[in-house]
Amino acid sequence: MDAEPSTTTAGSNSQLPRRIVICGGGVIGVCTAYFLASKGSDRVSVTVVERSSIACAASGKAGGFLALDWCDGTPVADLARASFLLHRSLSDLLDGPRAYGYRPLSALSLPLSPSDSTESRSLALPSWIDGSAVSQSRTIGTPETTAQVHPQLFTRTVLSSATAEYGVEVVFGEVQNVEVEGTGVRLRDGRILPADVVVIALGPWSSRLQIISDLFHVSGLKAHSIVLRPPEPAVISPHALFLSYQPTPGGKILDPEVYPRPTGEVYICGPTEEATPPDNPEDIAGEPESIALLHQIAGTVSSHLKASVAETVAEQACFLPCADDKLPVIGKIPGSKNCYVATGHTCWGILNAPATGAALAELILEGRSTIVNLDPFSPARFLR
Ligand SMILES: Cc1cc2nc3c(=O)[nH]c(=O)nc-3n(C[C@H](O)[C@H](O)[C@H](O)COP(=O)(O)OP(=O)(O)OC[C@H]3O[C@@H](n4cnc5c(N)ncnc54)[C@H](O)[C@@H]3O)c2cc1C
């Protein structure tokens, strides 16, 4: 956490916001609520508004993979490094006994062929991995630099702690509109939640609010995933697999990912495609062909994951939130009195949620972020 302090300012200690409303009960909204309430303690009241259920969208359907240094060399490097360390300290505070399955693990890069020949199998590979061409595997993460959480359990555990320890409230309802002056949040059912500060963290739905769409667009990249329970979970070692897989000779090479979880389940996700999220996150449906492809990949990776052997726990899809420049958008909305946004975390939202929440809490309560320089993520960049 050697980032330069942010010079982006808002608010001051002498004018502490009293009522803070956070729109969106995904990992970004929940981590922001946790750090705001824990930092502000009895000085502020924090409410999370969610239209469906906590972590019902990408935050509940993600892989939950965390990496210390995989964003190095990009503008997200410091955010990722700070977040990786915060995940470690949060797990000491919140993850016992195994509330959300935080654990360090290794990561392997693995070319995989659809044929199930084992002639070139590397003896160094974990025993549950089958398939040909696996001798070209590479270790790309070690327990010092890579880890995982169960994203839905993580998000819900953080929120439970925020409600139990710091009095965060949860309101279920659909946000229809945010007053530009930051005076309140109007819900579709007519309720108005008064607010001195509003934080918009609606993931790929963020630009459905005019205050966001006037400034920038958040698109959704749709991705499918399946969760399997193999009959003998104990044989599946803690190795995340980053595959390159060509379903048909000469066809497109895909890069699916496989994450064994301490729950005994194995999560597998596949390629992404541009699509528009339905209004209601509960209406997101997976395409049968994409789900079938993931089962095919699972069965090729390991005989323990074949459809005939493993129980299917989930077949699902969700949307990665992406701003036009593919960078997170974190900070005060220019022209608004007290309205902030935190979105656009693409494929690293579970990793980057803690430092996003901690930095935004500092910005709102103290006028500047010291944990991470938020300047590269300022929404003001879209004014240029
Ligand atoms: C297949 C897949 C795998 C992934 N794997 C990883 C990974 O391994 N590691 C990692 O770091 N990241 C991963 N990600 C990325 C990560 O899941 C996202 O970046 C992150 O979940 C985004 O969180 P969010 O809170 O911004 O959005 P969301 O999780 O989409 O939450 C937005 C919330 O807002 C609510 N909402 C929407 N509209 C309204 C409204 N009008 N009123 C009230 N509430 C509303 C929704 O119901 C939802 O709960 C993955 C993503 C996908 C799709």
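Residues numbered from 1 in each chain as written. Predicted model: local features only at pLDDT ≥ 70, side-chain atom pairs only at ≥ 80, totals over all residues. Heavy atoms only, no water.

With respect to the overall build of the protein
Now for step 1: The secondary structure content of the protein amounts to 7 helices and 19 strands.
Now for step 2: For the protein, whose C-alpha radius of gyration is 21 Å, the value lies close to the compact-globule estimate of 21 Å for 384 residues.
Now for step 3: By its C-alpha atoms, the protein is 70 × 40 × 40 Å across when sized along the principal axes.
Now for step 4: Within the protein, the proportion of its 384 residues that are buried is 59%.
Now for step 5: Sequence separation of at least 24 residues holds for 75% of the intrachain contacts in the protein that already meet a minimum separation of 6. (Helix = DSSP H or I, 4+ residues; strand = E, 2+ residues; numbered from the N terminus. Rg over C-alpha atoms; globule rule 2.2 N^0.38 Å. Buried < 20%, exposed > 50% of the residue type's maximum accessible area, 1.4 Å probe, protein only. Contact = heavy atoms within 4.5 Å.)

Topic: the pattern of salt bridges
Now for step 1: Considering all chains together, one arrives at 10 salt bridges under this definition.
Now for step 2: Residues Arg 19 and Asp 196 are paired through a salt bridge, measuring 3.2 Å at the closest nitrogen-oxygen approach. Separated by 177 residues along the polypeptide, Arg 19 in strand β1 (residues 19-23) and Asp 196 in the loop between β11 (192-194) and β12 (197-200) bring together distant segments of the chain.
Now for step 3: Under the relative-accessibility criterion, Arg 19 is labelled partly exposed at 31%.
Now for step 4: The salt bridge involving Arg 229 is made with Glu 265; its shortest N-O contact spans 3.1 Å. Pair noted here: Arg 229 is in strand β13 (residues 218-229) and Glu 265 is in the loop between β15 (257-260) and β16 (266-275), with a separation of 36 residues, a long-range link. (Salt bridge = Lys/Arg side-chain N within 4 Å of Asp/Glu carboxyl O.)

Examining the packing of helix α3 (residues 77-94) against helix α7 (residues 349-366)
Now for step 1: At their nearest, the axes of α3 and α7 sit 7 Å apart, and the two run at 90° to each other. On the basis of their axis angle, the class for α3 and α7 is roughly perpendicular. Counted together, Leu 79, Ala 80, Ala 82, Ser 83, Phe 84, Leu 86, His 87 and Leu 90 of α3 and Ile 350, Leu 351, Asn 352, Ala 353, Pro 354, Ala 355, Thr 356 and Ala 358 of α7 form the full contact between these two elements.
Now for step 2: Its residues placed into classes, the contact of α3 with α7 shows 12 nonpolar, 4 polar and no charged. (Axes fitted to C-alpha atoms, helices over the stretch in contact; angles between N-to-C directions. Parallel < 35°, antiparallel > 145°, perpendicular 65-115°, else oblique. Nonpolar A, V, L, I, M, F, W, Y, C, P; charged D, E, K, R; others polar.)

Digging into the UniProt feature "transmembrane region" (unreviewed entry) in the protein
Now for step 1: When the UniProt feature table is mapped to this numbering, "transmembrane region" (unreviewed entry) covers residues 20-37.
Now for step 2: Between the end C-alpha atoms of residues 20-37 the distance is 9 Å, and the span holds 61% helix and 22% strand. (UniProt positions renumbered as here; feature names shortened; annotations may be inferred.)

Some details on unusual backbone geometry
Now for step 1: Phi at Lys 326 is positive, roughly 65°, even though this residue is not glycine.
Now for step 2: Note on placement: Lys 326 falls in the loop between β17 (311-323) and β18 (329-332).
Now for step 3: Within the chain, Thr 346 stands out as a residue other than glycine whose phi angle is a positive 45°.
Now for step 4: Along the chain, the position of Thr 346 falls in the loop between β19 (339-343) and α7.
Now for step 5: Note on Thr 346: relative accessible area 18%, which makes it buried.

What to know about the sheet that holds β16
The pairing of strands in a sheet happens through backbone hydrogen bonds and is either parallel or antiparallel.
Now for step 1: As summarised here, the arrangement of the 7 strands in space is β6-β5-β14-β15-β16-β13-β17, forming an open sheet in which the pairing is mixed. Strands at the two margins of the open sheet, each flanked by one partner only, are β6 (138-141) and β17. Direction aside, neighbouring strands of the sheet carry axes that sit 25° apart on average.
Now for step 2: Where β15 and β16 come together, 4 bridges link them in antiparallel fashion. Paired with Val 258 across the two strands is Ile 268, which belongs to β16.
Now for step 3: Seen against the sheet, helix α6 (residues 288-301) touches β5 (106-112), β13, β14 (239-245), β15, β16 and β17 and runs at an angle of roughly 45° to β13. (Pairing = 2+ DSSP bridges.)

Regarding the domain arrangement of the protein
Now for step 1: Structurally, the protein comprises domain 1 (13-95 + 149-216 + 325-383) and domain 2 (106-142 + 220-323).
Now for step 2: Between domain 1 and domain 2, the C-alpha centre-to-centre distance is 29 Å.
Now for step 3: Together domain 1 and domain 2 conceal approximately 2200 Å² of surface at their shared face, both sides included; 62% is due to carbon and sulfur atoms.
Now for step 4: The partner of Arg 208 in a salt bridge is Asp 279, with the nearest N and O atoms 2.6 Å apart.
Now for step 5: The tally of links between domain 1 and domain 2 comes to 14 residue pairs in polar contact (both at pLDDT 80 or more).
Now for step 6: Across the side of domain 1 that touches domain 2, the residue classes tally to 13 nonpolar, 9 polar and 6 charged. (Domains from an automatic or database assignment. Buried area = accessible area lost by both parts, 1.4 Å probe. Polar contact = N/O pair within 3.5 Å; in protein donor to acceptor, adjacent residues only side chain to side chain.)

So, the confidence of the model for the protein
Now for step 1: Overall, the prediction assigns the protein a mean pLDDT of 91, with 91% of residues at 70 or greater.
Now for step 2: Counted against residues more than four places away or in other chains, residues 1-13, with its pLDDT under 50, gives 37 contacts. (pLDDT = per-residue confidence, 0-100.)

Some points on the nonpolar core
Now for step 1: In terms of nonpolar packing, the biggest core is built from 71 residues, with Ile 20, Val 46, Phe 65 and Ile 364 touching the most fellow members.
Now for step 2: With 11 residues, α7 is the largest single contributor of residues to this core.
Now for step 3: Lining this core are residues from two domains, each supplying at least three of them: domain 1 (13-95 + 149-216 + 325-383) and domain 2 (106-142 + 220-323).
Now for step 4: Every residue in contact with Ile 20, bar those within four places of it in the chain, is listed here: Leu 36, Val 44, Ser 45, Val 46, Thr 47, Val 197, Val 199, Ile 364 and Leu 365. (Core = buried A, V, L, I, M, F, W, Y, C linked by side-chain atoms within 4.5 Å.)

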